[in-house]
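Here are the chains, one letter per residue:
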Amino acid sequence: MSVAALRRAATESVSGLPRAFWWLWTSTLVNRLGAFVATYTALYLTLERGYSASYAGLVAALHGLGGVVSSLGAGVMADRLGRRPTLLLAQTSTAASVALLGFMEHPVAIAAVAGLVGMTSNASRPAVQAMMADIVRPEDRVRAFALNYWAINLGFAISSAGAGLIAEYSYLAGFLGEAALTLVCAVVVFVKLPESRPERTATADRSEPEISLGTVLRDGRYMGVVGLSFLLALIFMQSSVALPVAMGMDGWSPSDYGLVIALNGVLIVALQIPVTRLIEHRDPQRLLVVSALLAGYGFGLTAFAGSLGVYALTVVVWTLAEIVNSPTQMGLVVRLSPVHGRGRYQGVHTLSWSAAALLAPLMAGYAIDHFGAAWLWASCAVIGTVAALGYWLLMRGLTDGPAVYGEQASPSPVPARPAPSAEPVAAASVPAASVPAEHSRGGGTGAENRIATGSGAETTAGAGTEAGTGNAAAVGKTAV
């Protein structure tokens, strides 16, 4: 490919997105550049403080538990208080708790503050994802989420190397550095990002039901997809939980593991944007099914790994699954979330990953100790197959299904099919005044629109939802 072609492809990948998105993207990148705690806490506790591996695992579990606690509350805050106040509160609290963690010495204090860090750091995710959905047009969201995921991995790759050097000098400097960069993110949010939460109008108040956590939890199809997100999260998290343990048991050194796992970040940085260009207009149902199979069998192949080359091959397979899965599912989350309930829906999605972060270490340790690593990798293949079947079943009727909650997309060259008059519309359209300008370009009515999730399907409002509520799912490495 020529330089001119590469330049044109890069321009097309980033063009058309609003300025507010790029400030949010910058905030994500800066935040990940300071990701010291998540990477080096275990080494800090075992090497610097001299605690046991069991204690380090307990601290990691408490960090995950903190995320479980905050996921739902942060989603409610994003809907009630707004995305911007929630982000400011979450990021300033994260900066304070991370700095505090660096000074803790008593084991109980370290464990308690680690739980607080998990709680505050996870609180920003529903607000970030909801804000991104608010400010990006529906047809651009898969691309926007891919760019954001690319920033997460780019920042993480750089921070992993930099944090290693900092750790050799001073672990405290790493904690304080992450706190400082998180404060920079809070300043960016405060100065550059306006509130994006769609305001309810009198018409919307009459026509649109109130969205509560109960609404989300009663949405059968949505909760089924969140469950599938949890299953895939269990699989992907074995890369940092079970894979290093299994490689160590086979006689490989930590540097060997580091070399193999580095492929994950390198491939995502190199391939995320071009692969997204190839998949953003394809059927999301097929993409999610294929990515679930690639994830399950990619980890399943680890049972046959006897050389670094084979380990590297398995990483390539499940990294491709990650590249395809993340933007596709995040687009699905937003597509199936009601406009005025995005925070709550994103919070429940974040809960699936927080719960997996809590349970994945327990699952891996028990399986390896009692049955052996080969059984764990076989279990990953089974879980991936179950998830693929689940996506195929739960998304039937959605790829050719209706637009939900009246959100508008740019007009399609394919004529829209009118809704059958015999079937009432279950979800009312959101008035144009309540939707940000980026959403309303190109016209269209909430009842007759093509839904921009990459499927190219013509859709009609209301059908394909359970009990008149939206559905959502997403999988990603760590969604902001």
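Just so you know, these numbers come straight off a predicted model, no measurement behind them.

1. Quick look at the confidence of the model for the protein chain
It should be kept in mind that the predicted coordinates are not to be read in detail where pLDDT is low. Of all residues in the protein chain, 76% have pLDDT values of 70 or greater, and the mean over the chain is 76. Between residues 399-480, whose pLDDT stays under 50, and residues either more than four places distant or in other chains, the model counts 224 contacts.

2. Quick notes on the packing of aromatic side chains
To describe a pair of aromatic rings, you give the distance between the ring centres and the angle between the ring planes. Under the criterion given, the structure shown has eleven aromatic pairs. Plain terms: the ring middles of W252 and Y311 are 6.3 Å apart, the flat faces sit at 85 degrees to each other, and that makes the pair edge-to-face. Within this pair, whereas W252 is found in the loop between helix 13 (238-249) and helix 14 (254-279), its partner Y311 is found in helix 16 (residues 308-335), the two being separated by 59 residues in sequence. The exposure class of W252 is partly exposed, given its relative accessible area of 25%. Overall, the relative accessible area of 2% leaves Y311 in the buried class. Pairwise contacts between aromatic rings join F21, W22, W25 and W150 into one cluster. Here the guanidinium or amino end of R396 rests over the ring plane of W392, the centre of that ring lying 5.4 Å away.

3. Comments concerning the pattern of salt bridges
Across all of its chains, the model carries seven salt bridges by this definition. For R83, the salt bridge goes to D79, with nearest N and O atoms at 3.0 Å. Judged by its relative accessible area of 0%, R83 is buried. Among the salt bridges present, the one from R286 reaches D283, with a minimum N-O distance of 3.9 Å. Connected through shared salt-bridge partners, D79, R83, D134 and R344 make up one network.

4. Things to note about the nonpolar core
In terms of nonpolar packing, the biggest core is built from 42 residues, with L232, F236, F299, L376, W377 and Y391 touching the most fellow members. Breaking this core down by element, the ones donating at least two residues are helix 12 (220-236), helix 13, helix 14, helix 15 (284-300), helix 16, helix 17 (342-370) and helix 18 (373-394). Here this core gets eight residues from one element, more than from any other, and that element is helix 18. The next biggest cluster of nonpolar side chains, apart from the first, holds 24 residues, and it includes L17, L24, V128 and M131.

5. A short note on the environment of V98
Among the secondary structure elements, V98 is positioned in helix 5 (residues 83-101). A C-alpha to C-alpha distance of 9.6 Å links V98 and G118, two positions 20 residues apart in sequence. Setting aside residues up to four positions removed in sequence, V98 forms contacts with V37, V117, F175, E178 and A179.

6. Section: a nonpolar patch on the surface
The grouping of L65, V69, L116 and M119 at the surface amounts to a nonpolar patch, some 310 Å² of accessible area in total. Of all elements in the fold, only helix 4 (53-80) and helix 6 (107-122) reach the threshold of two or more residues within the nonpolar patch.

7. Focus on the packing of helix 12 against helix 15
Between helix 12 and helix 15, the shortest axis-to-axis distance is 10 Å and the interhelical angle comes to 35 degrees. For helix 12 against helix 15, the interelement crossing comes out left-handed. Taken together, the residues of helix 15 that come into contact with helix 12 (itself represented by L232, I235 and F236) are A292, A295, G296 and F299. When the residues that make up the contact of helix 12 with helix 15 are grouped by side-chain class, the tally is six nonpolar, one polar and no charged.

Calculation notes
Residues numbered from 1 in each chain as written. Predicted model: local features only at pLDDT ≥ 70, side-chain atom pairs only at ≥ 80, totals over all residues. Heavy atoms only, no water. pLDDT = per-residue confidence, 0-100. Contact = heavy atoms within 4.5 Å. Phe/Tyr/Trp six-rings, centres within 6.5 Å; stacked < 30°, edge-to-face > 60°. Helix = DSSP H or I, 4+ residues; strand = E, 2+ residues; numbered from the N terminus. Buried < 20%, exposed > 50% of the residue type's maximum accessible area, 1.4 Å probe, protein only. Lys NZ or Arg CZ within 6 Å of the ring centre and 35° of its normal. Salt bridge = Lys/Arg side-chain N within 4 Å of Asp/Glu carboxyl O. Core = buried A, V, L, I, M, F, W, Y, C linked by side-chain atoms within 4.5 Å. Patch = residues over 30% accessible without salt bridge, like charges linked within 9 Å, V, L, I, M, F, W, Y side chains within 5 Å. Areas by Shrake-Rupley, 256 points an atom, 1.4 Å probe, with all protein chains shown as cover. Axes fitted to C-alpha atoms, helices over the stretch in contact; angles between N-to-C directions. Left-handed = near helix turned anticlockwise from the far one by under 90°. Nonpolar A, V, L, I, M, F, W, Y, C, P; charged D, E, K, R; others polar.

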